[in-house]
Amino acid sequence: MTTSTALAPRRYWSVAALLLMASCFAGTLATAQPVGLQASQARAADGQFISWREHIIDDPQKAGFALSGSDGLVMADLDKDGYEDIVSVHESDSEYDSASFDPDFVPPPEGHVRAAFASADPDRWTNITLAEGVEAPAPEDAALADLNGDGYADVVVAAELSHLLYLQNPGSNARQQNWPRLILPMTENRGSYIRVFAADLDGDQQPEIIAANKGAQRPGPADFARSTPVSIFRFDGDPLDGDSWQEIILGNYSIPQNSEPVDIDGDGDLDIIVGSRGEDRLILFRNPGNGSLEFSEEAIGVVGPRLAGFNLEYADLNGDSRLDIIGASGTRLAWLQQPARRGDAWNSHLIGSFTPDSVTGLELADIDSDGDVDIIAGSYSRGPRTGDGDVDAADALGRMGWFANPGAIDATAPWTRHDISRRKRGMFDKFIARDFDGDGDMDFAATRGNSAPFDGVFWLEQVRSANAGQRFIPARDNDSEEMPLP
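Residues numbered from 1 in each chain as written. Predicted model: local features only at pLDDT ≥ 70, side-chain atom pairs only at ≥ 80, totals over all residues. Heavy atoms only, no water.

A. Broad picture of the overall build of the chain. Counting its regular elements, the chain contains 3 helices and 30 strands. Per-residue burial for the chain yields a buried fraction of 54% across its 486 residues. At a minimum sequence separation of 6, the contacts of the chain that also span at least 24 residues come to 57%. In the form shown here, the chain has an accessible surface area of approximately 19,800 Å², with 50% of it arising from carbon and sulfur atoms. (Helix = DSSP H or I, 4+ residues; strand = E, 2+ residues; numbered from the N terminus. Buried < 20%, exposed > 50% of the residue type's maximum accessible area, 1.4 Å probe, protein only. Contact = heavy atoms within 4.5 Å. Areas by Shrake-Rupley, 256 points an atom, 1.4 Å probe, with all protein chains shown as cover.)

B. Region of the structure containing the environment of valine 359. Its place among the elements puts valine 359 in strand β23 (residues 358-365). You can call valine 359 buried: its relative accessible area is 10%. Separated by 19 residues in the primary sequence, valine 359 and glycine 378 place their C-alpha atoms 5.9 Å from one another. Setting aside its immediate chain neighbours within four residues, valine 359 contacts Ala328, Gly330, Thr331, Arg332, Leu333, Phe354, Ala377, Gly378 and Ser379.

C. The nonpolar core, seen in detail. Judged by nonpolar contacts, the single largest core of 21 residues is most densely connected at Leu78, Val87, Val113, Leu130, Val155 and Leu167. Ignoring anything within four residues of it in the chain, the contact list for leucine 78 reads Asp85, Val87, Ala115, Phe117, Leu144, Tyr152, Ala153, Asn169, Gly171 and Trp179. The next biggest cluster of nonpolar side chains, apart from the first, holds 20 residues, and it includes Ala42, Phe444, Ala446 and Phe458. (Core = buried A, V, L, I, M, F, W, Y, C linked by side-chain atoms within 4.5 Å.)

D. Layout of the packing of aromatic side chains. Going through the model one piece at a time under the given rule, you end up with 6 aromatic pairs. Ring geometry for phenylalanine 428 versus phenylalanine 458: centroids 6.1 Å apart, planes at 85°, classification edge-to-face. Taken together, the residues span a long stretch of sequence, with phenylalanine 428 in the loop between β26 (416-423) and β27 (431-434) and phenylalanine 458 in strand β29 (residues 456-465) at a distance of 30 residues. Grouping residues by exposure puts phenylalanine 428 and phenylalanine 458 together as buried. Taken together, Trp125, Phe436 and Trp459 form an aromatic cluster joined through their ring pairs. Between the NZ or CZ atom of arginine 195 and the centre of the ring of phenylalanine 310, over which it lies, the distance is 5.5 Å. (Phe/Tyr/Trp six-rings, centres within 6.5 Å; stacked < 30°, edge-to-face > 60°. Lys NZ or Arg CZ within 6 Å of the ring centre and 35° of its normal.)

E. Representation of the sheet that holds strand β19 (residues 312-315) in the model. The strand order across the open sheet built from 5 strands is β18-β22-β21-β20-β19, with neighbouring strands paired in mixed fashion. The outermost strands of the open sheet, each flanked by one partner alone, are β18 (302-303) and β19. (Pairing = 2+ DSSP bridges.)

F. Representation of unusual backbone geometry within the structure. Of note, the amide linkage connecting threonine 355 to proline 356 takes the cis form, showing an omega dihedral of 10°. In this structure, proline 453 follows alanine 452 across a cis peptide bond, with omega equal to 10°. Structurally, proline 453 can be placed in the loop between β28 (443-448) and β29. For aspartate 280, which is not glycine, the phi dihedral falls at a positive 55°. Looking at the secondary structure, you find aspartate 280 in the loop between β15 (271-276) and β16 (281-286).

G. Looking closely at the environment of isoleucine 86. Inspection of the secondary structure puts isoleucine 86 in strand β3 (residues 85-90). Spatially, the C-alpha atom of isoleucine 86 lies 7.8 Å from that of alanine 118, the residues being 32 residues apart in sequence. Look past the residues within four positions of isoleucine 86 in its chain and what remains in contact with it is Ile57, Leu73, Val74, Met75, Arg114, Ala115, Ala116, Trp125, Ala445 and Val457.

H. Just the confidence of the model for the chain, in detail. Summing up the model confidence of the chain, the mean pLDDT is 91 and the portion of residues at 70 or higher is 90%. Confidence drops under a pLDDT of 50 for residues 1-30, and excluding neighbours within four residues, the segment shows 0 contacts in the predicted structure. Across residues 96-101, confidence stays below pLDDT 50; counting only partners more than four residues off in sequence or on other chains, it has 18 contacts. (pLDDT = per-residue confidence, 0-100.)

I. Quick look at the pattern of salt bridges. Applying the stated criterion across every chain, the model contains 29 salt bridges. The salt bridge partner of glutamate 247 is arginine 190, with a shortest N-O separation of 2.6 Å. Linking glutamate 247 in strand β13 (residues 245-253) with arginine 190 in the loop between β9 (181-183) and β10 (193-199), this pair joins segments that are 57 residues apart in sequence. For glutamate 247, a relative accessible area of 22% puts it in the partly exposed group. A salt bridge links lysine 424 to glutamate 481; the shortest N-O distance between them is 3.2 Å. Of this pair, lysine 424 sits in the loop between β26 and β27 while glutamate 481 sits in the segment after β30 (472-473); the two residues are 57 residues apart in sequence, bridging distant segments of the chain. Classification of lysine 424 as buried rests on a relative accessible area of 13%. Because the salt bridges share partners, they merge into one network encompassing Glu54, Asp59, Arg423, Arg448, Arg476 and Asp479. (Salt bridge = Lys/Arg side-chain N within 4 Å of Asp/Glu carboxyl O.)

J. Here's a closer look at the pairing of β15. Within β15, 6 of the 6 residues are buried, leaving the element largely enclosed by the surrounding structure. Covered by surrounding structure in β15 are Asp271, Ile273 and Gly275 together with Ile272, Val274 and Ser276, the residues of both alternating faces. Relative to β15, strand β14 (residues 256-262) runs antiparallel, the two being bridged by 6 bridges. Residue pairing for β15: valine 262 is matched across the bridge by aspartate 271. Relative to β16, β15 runs antiparallel, the two sharing 5 bridges. Within the sheet, the bridge partner assigned to valine 274 lies in β16 and is isoleucine 283.

Take a look at the structure:
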């Protein structure tokens, strides 16, 4: 009896411990479930659940060659058929870098500028190559504008190796005809261009080109120690004639990686926001508003975490009628509140975190149809680019997710993060908001790099349903492994 009485409590607590362990194990399994396979918890304003389905627009299989390193993405109706087309750039950056680049090297460096022509069916696209090889070595970004005044959008490409390339739209036969081209002579073999923009800065109805020269594709210590220019490129005459172009240098900085036109002060003309990676700061060039290009430089002082300045977006998040700046701060997203008085510091507010994944691309849109601006974002995987490799959930992987705005009255309140997908490989560098399927909710065009042979262009369909569905439906059966959160 004594033995039986002594053993009974031990049996009882052993069962309880097992039940507790089973409960914890089940919770671990639930937590460890890959992000894209989990049931969606995100809801639209009408209560429906939000999930996402991937559709491929361009990739190596569609292209018929090893398309990879997909980065910049811009949209316009290139052939004026009533449907917005896509221009994308693919730098093939797993095969070479600036340290080994030689114009006489055979075979020439890879790199492609592609156009995807749209149709009434969002899953039917006609893809062509606009430029490749030594003309487009490591293209990183593109801009669209009608430079020659014929009514058709032309393309300007920023190549990390190592120039700006102008591609002139031939018009209604843009799908079949060759696009005439010019490498801007003052940029050739001069450094590394990573972002490019086109905008009418001086009000003469003719666009200028704005670009930062970051110095090298993969900057080393010596590159951080020197300064390279942020410039406006203007032309007078035929944009295909190199002698028509003139460079106006705004300033020189350590690894400048962005120079984006935006009317930040709301006075009706376009200013320029510069991001310097080497100096870890933003600079404002204020438009004089008198038809000249004599911009004045102002520092943007920040209280709190700074922004990387590579991909930036702009919106009035707190309802004070002033544009704020949204961007990445390492693994976090933050927004800088524009001060009421010129010259005062901008207060930094946290939006959310992708830790341990580093935020890369982002786009603003009302995703949940509640009347305010939400943010979709993508991250940059840091492991191998051509194989999943030995990485786990604690490493920096390729993620897509979105942050729901807490409300325009107080955007400093916590934003709710809704993860979409997390893979071992992927760099989601660019998103553009569009309702591709015409169902009234917001979809996104996007690029994916760092994950050959799965790189390319895709559109992300927002799916709404009464019941919670799987967060992410991939377009491929075979892809980089879907991962849980750490």
